[in-house]
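One-letter residues, chain by chain:
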Amino acid sequence: MTQSMLIQRFIGEPGGLLKALHALQNSNTNNFLSPQDLELVSGAFGVPLAKVWGVATFYSLYSTIPRGRYIIRVCESAPCHVVGAHNILTALAKNLNICTGETTADGKFTLEVTSCLGICGVAPAIMINDTVHGNLTPESLASVLALYN
Ligand code: FES
């Protein structure tokens, strides 16, 4: 399916532009929106390119720079923070040898921070792509990362 065909079904739908951006981002190997993707959405939805860029750069779930196959989002909100989210973030950065916002050299993981994931009962928590992991300790991270090949 071409990129153009991928977004046709969202034209005229409420929130369609956001859905189209999600679909395009998910279809790209590097989990990002290219300039060509944004131009495609601009043309298909009849929205100025500057406005589409504005949307793509406003929401943290979109990226206009290439990222890893797996996006690790570490929750930094208060309930996770008080039970050790910072230790989780530090351990992930050390384990992956990257800083927040960076991607591993093999293009596998990108490390990001986020607000509450809605699973505070199992804090500290992270999300890897669409899957959440809770009750984490720095020691348990290796087994979580091993789930992603
Ligand atoms: S505060 Fe971390 S999941 Fe809610």
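These figures come from a predicted structure and were not determined experimentally.

## Description of the pattern of salt bridges
Enumeration over the complete set of coordinates arrives at 3 salt bridges. Here Glu112 makes a salt bridge to Arg67, at a shortest N to O gap of 3.0 Å. With Glu112 in strand β2 (residues 109–114) and Arg67 in the loop between α4 (49–58) and β1 (70–75), this residue pair connects regions lying 45 residues apart in the sequence. A residue is classified by how much of its surface remains accessible, and Arg67, at 5% relative accessible area, is buried. Linked by salt bridges that have partners in common, Arg67, Arg73 and Glu112 make up one network.

## Digging into the domain arrangement of the protein chain
One frequent convention defines the size of an interface as the accessible area lost when the parts assemble. Parsing the protein chain into structural domains produces domain 1 (3–58) and domain 2 (70–145). For domain 1 and domain 2, the distance between their C-alpha centroids amounts to 28 Å.

About the cut-offs
Residues numbered from 1 in each chain as written. Predicted model: local features only at pLDDT ≥ 70, side-chain atom pairs only at ≥ 80, totals over all residues. Heavy atoms only, no water. Salt bridge = Lys/Arg side-chain N within 4 Å of Asp/Glu carboxyl O. Helix = DSSP H or I, 4+ residues; strand = E, 2+ residues; numbered from the N terminus. Buried < 20%, exposed > 50% of the residue type's maximum accessible area, 1.4 Å probe, protein only. Domains from an automatic or database assignment.

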